[in-house]
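Results of the structural survey
Below, each chain spelled out in residue letters.
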Amino acid sequence: MKYNFDEVLDRSKLSTMKWEAQMKRKNDDSLLCFGTADMDFKSAQPIIDAIQKVVDVGHFGYPYKRQSYYDAIIGWFKRRCNWEIRQEWIANSLSIYPAFQSFIDGLTEVGDEVIIQTPVHFVFEEIIHANGRITVENPLQIKDGKYIFNIEDFKAKISPKTKLLILCNPQNPVGRVWTREELTEIANICLQHGIVILSDEVYMGLTYEGYTHIPIASISKEVSLNTITLASPSKSFNVTGLKHSLVITENQKFQEIYQNELLKNDQHFGESIFGHVATEAAFAHCDEWIEQLMTYVEGNYHTVYEFMKINLPEVKVYKPESTYFVWLDFNFLGMSDSELTSFFEDQARTIVNQGYSLGTGGSGFIRINIGCPKQILEQGLQRIKNAYDQLK
Ligand SMILES: Cc1ncc(COP(=O)(O)O)c(C=O)c1O
């Protein structure tokens, strides 16, 4: 089937955090929104069909996961990442965040340190802080125009209180797909120092041509036993509202800790029936959709790159290897964080994510979500150019 990613959905029938909430916040119905990590595309047909089948029966009771659900997940990881996982390693969470919370609570004490590699999704710091743990930033560094880990800084930041690394792979916002060598280096340091790896791999399906996502737990048995992988169909298949994600670990102790946390938080009973069926359909039947999607998204990246090259050549554009984000350096404008926010929201009337909220290394950068029809993206870029021209 050929999917039409140019289709602009009828917004009058939608109510989303990405668009409608921002329009309300800014009191501006003409805003263009490239922020929140959702795509503006219709879901893949097999997912729509699977949900429709449930709706047609009209029974929405507590669901049960059949063997076909597990086979779909196990098959995806084997096929796409060459990672062999077993059914008993797979548990669920409503989304990635409650699983963060469970492992921070179950594996660390108040006052312990958790390492993150900034700039990174703002919720990492938020959850660590909310749980009374200490966030230790190990900022990424830029070498030859590319983001890499700062290994020396990582080692220097480890203390007896460092218990957990929350890794983001593929990385949001910079779009890196960490290589086997990079992951091995990080994983070995964690093993040496007794640091558990909580690996957020929510963007795992969204790789650009030439890149393969490597789950860090697939590096070796030893690393697998020291890792919890958080994955989901949510970002890759544009089903964030269906609230169903995966908590995968080979380590039996971590499995038990997690089950105990589910009990403590009253989350052990029942999940979203739509999340179940969508997950199975996504992992079993949507390879074609995601391949077409990533070709389209890569085209959008080239649109951004060419536009900036011609119209705002001072902007440094970082080429993503995964995700539907482009990370752009606007530091040349010399604006403060609030001035840059106002430049986009008030002058350009576009919503983008501001890098300063993503920790050290983010200030002066923005993240544009390019998971949208090309014509919307082009309108947004034109608005940014117009606002820039007004500055001169
Ligand atoms: C890195 C990262 N992890 C987790 C999430 C949350 O994903 P979900 O709500 O689909 O579980 C997001 C959402 O933007 C994200 O960017």
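**Focus: the nonpolar core**
- Formed by 103 residues in total, the largest nonpolar core has its most connected members in F77 and F330.
- A per-element tally of this core places helix α11 (residues 287-311) first, with 10 residues.
- The residues touching F77, leaving out its near neighbours within four places in the chain, are N82, W83, I85, M204, A231, L246 and I248.

**What to know about the site of the ligand**
- Near the ligand you find 13 residues, and of these N172, D200, Y203, S234 and K235 are the closest.
- The backbone of I96 places a nitrogen or oxygen atom 2.8 Å from an oxygen atom of the ligand.
- Y203 places a side-chain nitrogen or oxygen 2.7 Å from an oxygen atom of the ligand.
- When the ligand is considered free in solution it has 400 Å² of accessible area, and contact with the protein chains removes 93% of it.
- Here the shell around the ligand is built from residues that sort into 6 nonpolar, 5 polar and 2 charged.

**Structural notes on the packing of aromatic side chains**
- Under the defined criterion, the tally for this structure stands at 29 aromatic pairs.
- Each residue in the set Y3, F5, F41, W76, F77, W83, F237, F283, W289 and Y296 is aromatic and connected to the rest through ring pairs, giving one cluster.
- Its end group placed over the ring of Y301, K319 keeps NZ or CZ at 5.3 Å from the ring centre.

**With respect to the domain arrangement of the protein**
- What the domain assignment lists for the protein is domain 1 (11-44 + 288-391) and domain 2 (47-285).
- Just the C-alpha atoms count here: the centres of domain 1 and domain 2 sit 25 Å apart.
- At the junction of the two partners, domain 1 supplies 34 residues and domain 2 supplies 36 residues.
- Interface of domain 1 and domain 2: buried area, both sides summed, is about 2900 Å²; carbon and sulfur atoms make up 55% of it.
- At the junction of domain 1 with domain 2, the criterion picks out 3 salt bridges.
- A salt bridge links E321 to K146; the shortest N-O distance between them is 3.5 Å.
- Looking at the side of domain 1 that touches domain 2, the elements with two or more residues in it are α11, β11 (316-318), β12 (325-329) and β15 (365-369).
- Classifying every residue of the side of domain 1 that touches domain 2 gives 18 nonpolar, 8 polar and 8 charged.

**Some remarks on the sheet that holds strand β2 (residues 90-93)**
- Read from one edge of the open sheet, 7 strands run β2-β10-β9-β8-β7-β3-β4, paired in mixed fashion. Edge positions in the open sheet fall to β2 and β4 (134-137), since each of these has one partner strand only. Across the sheet, the mean angle from the axis of one strand to that of its neighbour is 25 degrees, orientation sign disregarded.
- Pairing geometry for strand β7 (residues 162-168) and strand β8 (residues 196-200), over 5 bridges, is parallel. Across the sheet, residue L165 finds its bridge partner in β8, namely I197.
- Strands β2, β7, β8, β9 (227-231) and β10 (245-248) of the sheet are contacted by helix α4 (residues 96-107), whose axis makes an angle of about 165 degrees with β9.

**Some thoughts on the sheet that holds β15**
- With respect to topology, 4 strands assemble into an open sheet ordered β11-β12-β15-β14, the strand pairing being antiparallel. The sheet is open, and its two borders are formed by β11 and β14 (353-354), each paired with just one other strand.

**Quick look at the pattern of salt bridges**
- Tallied over the entire structure, the rule returns 26 salt bridges.
- Residue E20 pairs with R11 through a salt bridge whose shortest N-O separation is 2.8 Å.
- D287 serves as the salt-bridge partner of R79, at 2.8 Å between the closest nitrogen and oxygen. Of the two residues, R79 is situated in helix α3 (residues 67-81) and D287 in helix α11; the sequence distance between them amounts to 208 residues.
- Its relative accessible area of 43% is what places R79 among the partly exposed residues.
- Linked through salt bridges whose partners overlap, the residues forming this network are R25, K26, E345 and D346.

What counts and how
- Residues numbered from 1 in each chain as written.
- Predicted model: local features only at pLDDT ≥ 70, side-chain atom pairs only at ≥ 80, totals over all residues.
- Heavy atoms only, no water.
- Core = buried A, V, L, I, M, F, W, Y, C linked by side-chain atoms within 4.5 Å.
- Buried < 20%, exposed > 50% of the residue type's maximum accessible area, 1.4 Å probe, protein only.
- Helix = DSSP H or I, 4+ residues; strand = E, 2+ residues; numbered from the N terminus.
- Contact = heavy atoms within 4.5 Å.
- Near = heavy atom within 4 Å.
- Polar contact = N/O pair within 3.5 Å; in protein donor to acceptor, adjacent residues only side chain to side chain.
- Areas by Shrake-Rupley, 256 points an atom, 1.4 Å probe, with all protein chains shown as cover.
- Nonpolar A, V, L, I, M, F, W, Y, C, P; charged D, E, K, R; others polar.
- Phe/Tyr/Trp six-rings, centres within 6.5 Å; stacked < 30°, edge-to-face > 60°.
- Lys NZ or Arg CZ within 6 Å of the ring centre and 35° of its normal.
- Domains from an automatic or database assignment.
- Buried area = accessible area lost by both parts, 1.4 Å probe.
- Salt bridge = Lys/Arg side-chain N within 4 Å of Asp/Glu carboxyl O.
- Pairing = 2+ DSSP bridges.
- Axes fitted to C-alpha atoms, helices over the stretch in contact; angles between N-to-C directions.

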